[in-house]
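Chain and residue survey
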Amino acid sequence: MILSKAVRAGVLPARDSGLAIFLPVFISVCILSLMPTVRLLLESVVSDGSFSLDVLREIMDESGTWKAFRHTLFVGGCATVLATVLGSAMGLLVGLTDIRFRKPLTFCFMMPMMIPPQITALSWIQLFGPSSVLLNCLGIAPAPGTPHPMYSPFGIILLLGIQQAPLIFLSLKAGLSAMPREMVEAARVCGAGNGRVLRDIVLPLMTPALTAGMALAFVSCIGNFGIPAMLGIPAGYTVLTTLIYQRLAMFGPEVIAEAASLSVLISMLALFGILLQSYMLNRRDYRLVGAPSELLKYRLGNFRGLAESVSWLVILLILVVPLCALFFSSLIPSFGVKLTSETMTFSNYAHVLFEHDATTRAFINSFSLAGGAAVILCLVGIPLGYFLVWQKNSLLRFISPLMELPYALPGVVLAIGCILLFLKPIFGISIYGTVWIILVAYLARFLPMGLRPVIGGFAQTDRVLEEAAQMCGAGFLRRMKDIIVPLILPAAATGGLFIFLAAFNELTVSVLLWTSGSETLGVVIFNLDESGNAVLASAVSILVIMAVLILMTILSLIGHKAPKGVIPWQD
């Protein structure tokens with residue numbers, strides 16, 4: 001009786017509509033998306049089995065906490081402004097003008113976001129400073145003893161701004177694609193010029209897209225670990241993420257309650273950014289009338305060549321030159337040696353691939369973890385998308401915003417939540433200190449990334465084939481195997497490749513969860529650089545970048561089969 005009522009209310013699917021699959025999928029999603037966050041919140045307010053705010057109060061009373069808080073707010077805010085300037089300029093140029101080579105320009109501008117932050121930081125470290133191989137080759141290296149300019153708040157802001165600029169760019173580009181053309185054409189009929197149309201119509205209509213991109217960039221900046229760790233720790237400049245890492249590295253699980261309270265502080269900061277975005281958008285009505293149309297293409301005339309030259313110069317400065325410095329650094333036998341035809345060697349690559357045990361293990365672990373997370377989330381994502389979009393299950397739609405939680409919150413928050421959840425054995429089984437806890441964290445963090453293309457695929461596919469098969473008596477599993485999976489597989493595969501790309505390079509979660517034997521590539525690069533072995537770190541980084549390029553090329557090749565808008569560098 002209760003089951004029948006739940007089916008009629010749309011809370012549960014009927015027996016012939018996948019009830020046997022729905023229940024394990026729903027339970028798995030609840031455990032992955034909610035349990036780490038709930039456990040983290042409990043730890044911060046429950047001490048010795050009773051409600052207490054003592055730990056939180058002690059953390060708030062420490063001057064180091066407020067210093068790290070101010071640093072986090074400062075670099076996060078300044079980097080968001082820089083990302084907004086860079087991303088908006090490129091977004092308007094690509095989305096509004098007749099500039100040529102849009103696809104390669106978009107692909108290259110996206111690259112800094114695809115490259116892991118620790119590799120971005122390492123490449124810029126290798127670019128500047130007295131020991132820069134590239135500058136020494138050109139004969140313009142600064143004198144020995146000169147302070148490295150990247151070990152400073154300026155360096156952190158610059159790299160965070162460059163890495164988050166593609167978020168602003170993508171948000172603005174998507175907003176321009178969705179903008180109806182009727183208002184622009186009406187303004188032109190009334191005699192408005194291009195400048196007036198841009199100022200009075202296009203830019204005000206892009207406020208929601210720009211605000212959403214800024215909020216996302218701010219949350220990503222304050223949760224970033226790789227760049228503040230590699231540039232800030234050597235300079236003694238601590239932000240909240242590096243403060244948590246340093247305390248756990250020094251004192252271990254004994255200070256887990258303090259780490260949980262600091263994680264709550266980062267979450268509150270991220271929540272502030274999201275609420276500020278909602279407040280800004282609720283002040284005005286931004287609803288649009290009309291259907292999306294072809295992108296506007298302002299003719300740049302004689303300025304087109306100049307605009308193209310400046311755009312590619314920006315790509316050269318923020319992407320090509322730092323990567324060249326990283327590549328040159330990987331070719332010298334040891335740190336400080338000048339690169340010449342006699343000293344150039346590829347032995348570092350052979351060493352990290354075949355001789356250095358930790359690196360070999362890291363390649364195996366990263367491939368296994370990223371591949372495992374991609375396959376599992378594809379298998380979970382297809383039935384989940386089916387119940388969400390085609391069956392419109394009310395229970396899943398109610399918790400769907402919570403599924404975004406592990407991805408929206410900074411990675412360090414999820415990592416602390418997983419430590420708390422799995423610190424003690426569950427049913428006699430402990431995964432703390434093993435590679436499995438990293439896999440669970442990856443599954444929680446990247447579920448939304450894999451689900452979005454699948455939801456897009458279901459939304460763009462007519463359900464008529466599945467309904468016809470159901471009328472002919474085909475059971476749910478038969479419909480899933482013969483109709484649903486073949487239709488949605490391209491979108492699921494695209495999501496899986498994105499998951500693999502993100503998990504393969506992940507550092508923020510892994511750096512708090514790894515132990516000896518479960519190193520990932522991000523951790524190895526960070527540890528090699530921290531131990532002063534920048535040459536080997538550069539060689540591993542170049543191999544990772546090659547893997548990223550191969551994956552992005554595969555995504556480009558299969559992009560035409562994915563739902564529209566899933567591949568960000570394609571129109």
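Up top is the structure.
Residue indices begin from 1 for each chain and proceed along its sequence in written order. For a predicted model such as this one, the threshold for reporting local features is a pLDDT of at least 70, and the threshold for listing and counting side-chain atom pairs is 80 or more; totals across whole chains, interfaces and linings nevertheless cover every residue. As a rule here, side-chain values come from all non-hydrogen atoms in the structure, and water together with hydrogens is ignored.

**Details of the pattern of salt bridges**
- Salt bridge, as used here, is a side-chain nitrogen of Lys or Arg placed within 4 Å of a carboxyl oxygen of Asp or Glu. Considering all chains together, one arrives at ten salt bridges under this definition.
- Put simply, R304 and D98 hold a salt bridge, and the shortest N to O gap is 3.7 Å. Here R304 is found in helix 15 (residues 304-329), whereas its partner D98 is found in the loop between helix 4 (63-96) and helix 5 (102-114), with 206 residues between them in sequence.
- Classification of D98 as buried rests on a relative accessible area of 16%.
- The closest approach of N and O atoms between R100 and E308, which form a salt bridge, is 2.9 Å. With a gap of 208 residues between them, R100 in the loop between helix 4 and helix 5 and E308 in helix 15 connect regions that are remote in the sequence.
- Through salt bridges with shared partners, a single ionic network connects R196, R199 and D200. Counting from the N terminus, the helices are the DSSP runs of H or I reaching at least four residues and the strands are the DSSP runs of E reaching at least two. The buried label goes to any residue with under 20% of its type's maximum accessible area, the exposed label to any with over 50%, and the partly exposed label to all in between, with areas taken from a 1.4 Å probe on protein chains only.

**Brief notes about the packing of aromatic side chains**
- Classification of ring pairs uses Phe, Tyr and Trp, with its six-membered ring standing for Trp, and accepts pairs whose centres are within 6.5 Å; under 30 degrees between planes counts as stacked, over 60 as edge-to-face, and the remaining range as tilted. As enumerated under the stated definition, the model contains 20 aromatic pairs in all.
- Cluster of aromatic residues (ring-pair linked, three or more members): F22, F26, Y386, F387, W390, F458 and F476.

**Some words on empty space enclosed by the protein**
- Lining residues are those with an atom within 4 Å of a point, where the points come from a 1 Å grid over the protein atoms alone and group into cavities, where a 1.4 Å probe fits but cannot get out, or pockets, open sets with protein on both sides within 12 Å along at least five of seven lines. Grid points are joined across faces, edges and corners, and a volume is the space filled by probe spheres set on the points. Taken as a whole and judged by the stated rule, the model has three cavities of 30 Å³ or more.
- Contributing to the lining of the largest cavity are P112, I115, T120, S123, W124, I318, L319, P322 and L323.
- At the level of elements, helix 6 (117-127) and helix 15 are the ones that each hand at least two residues to the lining of the largest cavity.
- Per element, the largest residue contribution to the lining of the largest cavity is four residues, and it comes from helix 15.
- Grouping the constituent residues of the lining of the largest cavity by class yields seven nonpolar, two polar and no charged. Each residue gets one of three labels, nonpolar for Ala, Val, Leu, Ile, Met, Phe, Trp, Tyr, Cys and Pro, charged for Asp, Glu, Lys and Arg, and polar for the others, Gly among them.

**Some details on the side chain of T345**
- Tracing the sequence through the fold places T345 in the loop between helix 15 and helix 16 (347-355).
- Ignoring sequence-local partners within four residues, the contact set of T345 consists of S330, L331, I332 and P333. The contact definition used throughout considers only heavy atoms, calling two residues in contact when any of these lie within 4.5 Å.

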